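A look at the structure
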Amino acid sequence: MMLVDYGGSVFPIISHSPWDGIHLADFVMPFFLFIAGLSPALAYKKVPNRAEATWKAVLRAVKLFLLGVLLQGGYLHGVNSLTYGVDIEKIRWMGVLQRISIGYIVAALCEIWLTCRTWRQEGFFKSYFWHWCIAFSLSAVYMLLLYGLYVPNWQFTAPAWASSLSPSNDSNVYTVRCEVRGDLGPACNSAGMIDRYILGVDHLYMKPAYRNLKECKISDDQDCSPPWCDAPFDPEGILSSLTAAVTCIFGLQYGHILADLQDHKERLTKWSLLSISSFILGLLLAFAGIPVNKSLYTVSYMLITSASAGITFCALYLLVDVYGSRRLTSVLEWMGMHSLSIFVLITSNLAIIAIQGFYWTAPENNIVHWIISRLVHA
């Protein structure tokens, strides 16, 4: 996450894909969701009191959601400003921690209320039959809404920095023309429409990745970009949270294998089968016409990235637990134990602000700018 956030501007190939397609940065969120879903299988392996366990899980999810609103809602103004505060009418409600909290609570409730702990007698799929039903239902509802909802024309007020738009009127209100159904482009997809109706257009992410698309870049042959290029869009929106929750349920099944089986070979075999089959299914859906898209969190993207998380988990398990090479991953282990603290320091820019405090002669000659300039000219 730190690599892609601060190295993406220097190395575009590792930054988020503008729309369809997948880059290194697009694996970060599914990996977070995967491990967040795996943990309830261990934490709730034995649940003497379901109501109490549910209350604790809900409370943990709410705290994580509110922390996400504080960090990514617009309250903090970035490394170039030490000011803070946000207009409630423009606060961003969704974000990274909010998405993880939603996926986590879905996985936790599945584990607490819908688990039949009869692995040996019933088998893997029958023991967790209702988990698979929830995952399939969420995916089905997602597909139905994504392709079935009609998206009308819509308007937004362009921000002051949207210089790429041609002037339309004194109020800077622009119209995006849609009147379509099943469109998966940046302008007229139903995921954005749902967020605009429920959350409000002013409460969405103001600088979506699709601004880096070719059609959004002004060239000699193009005086201005389409209006939607500067429109807000939330990649952690409501509709895409459904398939994001499925990633957590996918991780939950890995946790079941880890908790219920003891043999290394048996664990790795079942993990590998689950990952490979999901990866192949994701590729088939992609070839069938469902794009691999992080911003929409399409089903093909969900399957491919969840499978990739599973394969990575298998590799680390083989390295650390089977072969005992803990020294090679000690730094990663420390980061995993303090992941939330690191996320807060990075997202709030407190770590970067602290590092920038060390400079040579002038504040502009700080360590961060020095490193970036060296990378650019390398």
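What you see is a predicted model, and the numbers here were worked out from it, not measured in a lab.

1. Things to note about the overall build of the protein
Helix and strand counts for the protein come out as 15 helices and four strands. Buried residues in the protein amount to 44% of all 378 residues. Across the protein, every contact between residues at least 6 apart in sequence was considered, and the portion connecting residues at least 24 apart equals 70%.

2. Focus on the pairing of strand 2 (residues 154-157)
Put simply, side chains in a regular strand alternate between the two faces of the sheet. Side chains of strand 2 alternate between two faces, with W154 and F156 buried and Q155 and T157 left unburied. Pairing of strand 2 with strand 3 (residues 173-176), which is carried by four bridges, proceeds in the antiparallel orientation. Bridging from a neighbouring strand, Q155 pairs with T175 of strand 3.

3. Observations regarding the environment of S306
Along the polypeptide, S306 turns up in helix 11 (residues 299-322). Residue classification places S306 among the buried residues on the basis of a relative accessible area of 1%. Separated by 58 residues in sequence, S306 and C248 have C-alpha atoms that sit 8.8 Å apart. Polar side-chain contacts of S306 include one of 2.6 Å to the backbone oxygen of M302.

4. What about the packing of helix 9 (residues 240-260) against helix 10 (residues 264-287)?
Packing of helix 9 against helix 10 brings their axes to within 9 Å, and their N-to-C directions diverge by 165 degrees. One element, helix 9, and the other, helix 10, form an angle in the roughly antiparallel class. For the element pair helix 9 and helix 10, the recorded crossing hand is right-handed. On helix 10, the residues touching F250, Q253, Y254, I257 and L258 of helix 9 are R267, K270, W271, L274, S275 and S278. Taken together, the residues of the contact of helix 9 with helix 10 break down into six nonpolar, three polar and two charged.

5. A short note on the state of the cysteines
In this structure the tally under the stated criterion is two disulfides. Residue C178 pairs covalently with C188 via a disulfide, S to S 2.1 Å. Across the disulfide from C178 to C188, rotation about the S-S bond amounts to roughly -85 degrees, and the bridge is consequently left-handed. With C178 in the loop between strand 3 and strand 4 (180-181) and C188 in the loop between strand 4 and helix 8 (190-198), this residue pair connects regions lying 10 residues apart in the sequence. For the pair C178 and C188, one class covers both residues: buried.

What counts and what doesn't
Here, residues in each chain are numbered from 1, in the same order as that chain's written sequence. Selection of residues for local features in this predicted model requires a pLDDT of at least 70, selection of side-chain atom pairs for listing and counting requires 80 or more, and totals for whole chains, interfaces and linings are taken over all residues. Excluded from the side-chain calculations are hydrogens and water; all other atoms, namely the structure's heavy atoms, are used. Here a helix means four or more residues in a row that DSSP labels H or I, a strand means two or more in a row labelled E, and each is numbered from the N terminus. For every residue, the accessible area (1.4 Å probe, protein chains only) is compared with the maximum for its type, and the residue is labelled buried under 20%, exposed over 50%, or partly exposed between those bounds. In this analysis, two residues are considered to be in contact whenever any of their non-hydrogen atoms come within 4.5 Å of each other. Note on pairing: DSSP must find at least two bridges between two strands before they are called paired. By the criterion applied in these results, polar contacts are pairs of N or O atoms within 3.5 Å in which, for protein atoms, one can donate a hydrogen and the other can accept it, and in which residues neighboring in sequence qualify only through two side-chain atoms. Axis angles are defined between N-to-C directions and span 0 to 180 degrees, where every axis is a line fitted to C-alpha atoms and, for a helix, only to the segment in contact. Should an angle lie under 35 degrees it is considered roughly parallel, over 145 roughly antiparallel, and from 65 to 115 roughly perpendicular; all remaining angles are considered oblique. Take the far helix as the reference: if the near one is turned anticlockwise from it by less than a right angle, the crossing is left-handed, and if turned clockwise, right-handed. Following the grouping adopted for this structure description, the nonpolar residues are Ala, Val, Leu, Ile, Met, Phe, Trp, Tyr, Cys and Pro, the charged ones are Asp, Glu, Lys and Arg, and the polar ones are all others, Gly among them. Throughout, disulfides are identified as pairs of cysteine sulfur atoms within 2.5 Å of each other.

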